[in-house]
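So the chains spell out like this:
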Amino acid sequence: MPRGRYSLHDPHDHAPLGEEHFHCAPGPSGWRYVSQLTGPDGDHRGSVDLAIDELGRPIRLEANAASWQVRGAAIDGVTWVRSDPSGSEATEGNVAAAAFTGSSPAFLVATARLLRLTPGAPATRVRLVALTDPVLAPRTVDQAWALRGRAEHATDSGPLVVDEYQVTALDTGEVHTVHLAGDVVLAAPGIELEHLETPPSTFPED
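In this text the structure is predicted, and so the values were computed from the model without any measurement.

A. A look at the overall build of the chain. When its secondary structure is counted, the chain shows one helix and 15 strands. Relative to the globule expectation of 17 Å for 206 residues, the C-alpha radius of gyration of the chain, 16 Å, shows essentially globular dimensions. For the chain, the spread of C-alpha atoms along the principal axes amounts to about 55 × 40 × 35 Å. When contacts within the chain are restricted to residue pairs at least 6 apart in sequence, long-range pairs at least 24 apart make up 38% of them. Taken as a whole, the chain presents about 10,400 Å² of accessible surface, with 51% of it coming from carbon and sulfur. Counting 15 positive and 28 negative side-chain charges, the chain places the centres of these two groups 6 Å from one another.

If you want it as structure tokens, here you go:
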């Protein structure tokens, strides 16, 4: 069960946004990721609890930030409820999309698992519901993912396979690179892996 810490920063001006302390693990029905977020001052600022099934679909999401909560799952596309602490401003949403995304590294792992890309194959288009900072406002986005390469690196605990993805935002044309090793993000825009207590878990081969 990987357990560690990511540092988060603004991908444009590199201003620090805080840290995400996480643990994650594959299981018989898929994969689960749980994290707590802190701000640059160390204060608690949110949490993420995401579970996906063996196909990479979100079967349960609970995200909290800035006194807002989103609960969602893959039902008729993706369905969610966004509410304030009292529940008086709860709103429901549903979009014909494949999954959720957002600033948490969990969503990058989940999307890669969902798409199951082959190195060198043409990019695959995917529609996602982005939970945008700082209040988890839902926004539908279209991305194109391509697996550009796969490399094996020797480590003290054995070979580490690293996948390099190219992710394109289709509304702006912005392109960025994501490096994943199993169920851990090694580097991505706004995300740096600072500490990892145990090696990444690997997903079973299809």
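B. Representation of the side chain of aspartate 163. Topologically, aspartate 163 is positioned in strand β12 (residues 160–169). We classify aspartate 163 as buried; its relative accessible area is 12%. Here the side chain of aspartate 163 touches arginine 150 through a polar contact of 2.6 Å, side chain to side chain. Beyond its immediate sequence surroundings of up to four residues, aspartate 163 is in contact with Leu147, Gly149, Arg150, Val178, His179 and Leu180.

C. Here's a closer look at helix α1 (residues 105–115). A large share of α1 lies buried, amounting to eleven of its eleven residues. Among the residues of α1, those classed as buried are Pro105, Ala106, Phe107, Leu108, Val109, Ala110, Thr111, Ala112, Arg113, Leu114 and Leu115. A positive phi of about 50° marks arginine 116, the residue just after α1.

D. How the structure looks around the pattern of salt bridges. One pass over the full model with this rule turns up nine salt bridges. When the shortest N-O distance is used, the salt bridge between aspartate 49 and arginine 32 registers 2.6 Å. Residue aspartate 49 is located in strand β4 (residues 44–53), and its partner arginine 32 is located in strand β3 (residues 30–38); the two are separated by 17 residues in the primary sequence. Aspartate 49 sits in the buried class, given a relative accessible area of 17%. Among the residues examined, arginine 32 registers a relative accessible area of 40% and is labelled partly exposed.

E. Broad picture of the nonpolar core. Within the largest apolar cluster, 47 residues are counted, with the highest numbers of intra-cluster contacts made by Trp145 and Tyr165. It is α1 that contributes the most residues to this core, eight residues altogether. Setting aside its immediate chain neighbours within four residues, tryptophan 145 contacts Leu108, Thr111, Ala112, Leu115, Leu117, Ala123, Thr124, Val126, Tyr165, Gln166 and Val167.

F. Quick peek at the layout of surface pockets. Counted as a void, the largest pocket has a volume near 960 Å³. As for the largest pocket, its lining consists of 34 residues, of which Pro11, Gly102, Ser103, His176 and Pro189 are closest to the centre. For the lining of the largest pocket, the leading source of residues is strand β11 (residues 137–153), giving five residues. Taken together, the residues that form the lining of the largest pocket break down as 15 nonpolar, twelve polar and seven charged.

G. Quick look at the packing of aromatic side chains. Tallying each qualifying case throughout the model produces six aromatic pairs. Their ring planes at 45° and their centres at 5.9 Å tell us that tryptophan 31 and tyrosine 33 sit as a pair that is tilted. Using a relative accessible area of 2% as the deciding quantity, one classes tryptophan 31 as buried. Note on tryptophan 145 and tyrosine 165: the rings are 5.4 Å apart at their centroids and 65° apart in plane angle, and the pair reads as edge-to-face. In this pair, tryptophan 145 sits in strand β11 while tyrosine 165 sits in strand β12, placing the two residues 20 residues apart along the sequence. You'll find tryptophan 145 and tyrosine 165 in the same group, each marked buried.

H. Summary view of the pairing of strand β9 (residues 99–102). Where β9 and strand β10 (residues 124–132) come together, four bridges link them in parallel fashion. Pairing of phenylalanine 100 across the sheet is with valine 129, part of β10. For the segment spanning β9, α1 and β10, crossover handedness is right-handed.

Calculation notes
Residues numbered from 1 in each chain as written. Predicted model: local features only at pLDDT ≥ 70, side-chain atom pairs only at ≥ 80, totals over all residues. Heavy atoms only, no water. Helix = DSSP H or I, 4+ residues; strand = E, 2+ residues; numbered from the N terminus. Rg over C-alpha atoms; globule rule 2.2 N^0.38 Å. Contact = heavy atoms within 4.5 Å. Areas by Shrake-Rupley, 256 points an atom, 1.4 Å probe, with all protein chains shown as cover. Lys, Arg positive; Asp, Glu negative; His and termini not counted. Charge placed at Lys NZ, Arg CZ, Asp CG, Glu CD. Buried < 20%, exposed > 50% of the residue type's maximum accessible area, 1.4 Å probe, protein only. Polar contact = N/O pair within 3.5 Å; in protein donor to acceptor, adjacent residues only side chain to side chain. Salt bridge = Lys/Arg side-chain N within 4 Å of Asp/Glu carboxyl O. Core = buried A, V, L, I, M, F, W, Y, C linked by side-chain atoms within 4.5 Å. 1 Å grid on protein atoms, 1.4 Å probe; cavity = no way out; pocket = protein on both sides within 12 Å on 5 of 7 lines; lining within 4 Å. Points joined across faces, edges and corners; volume = space filled by probe spheres on them. Nonpolar A, V, L, I, M, F, W, Y, C, P; charged D, E, K, R; others polar. Phe/Tyr/Trp six-rings, centres within 6.5 Å; stacked < 30°, edge-to-face > 60°. Pairing = 2+ DSSP bridges. Right-handed = clockwise from strand over helix to strand, strands pointing away.

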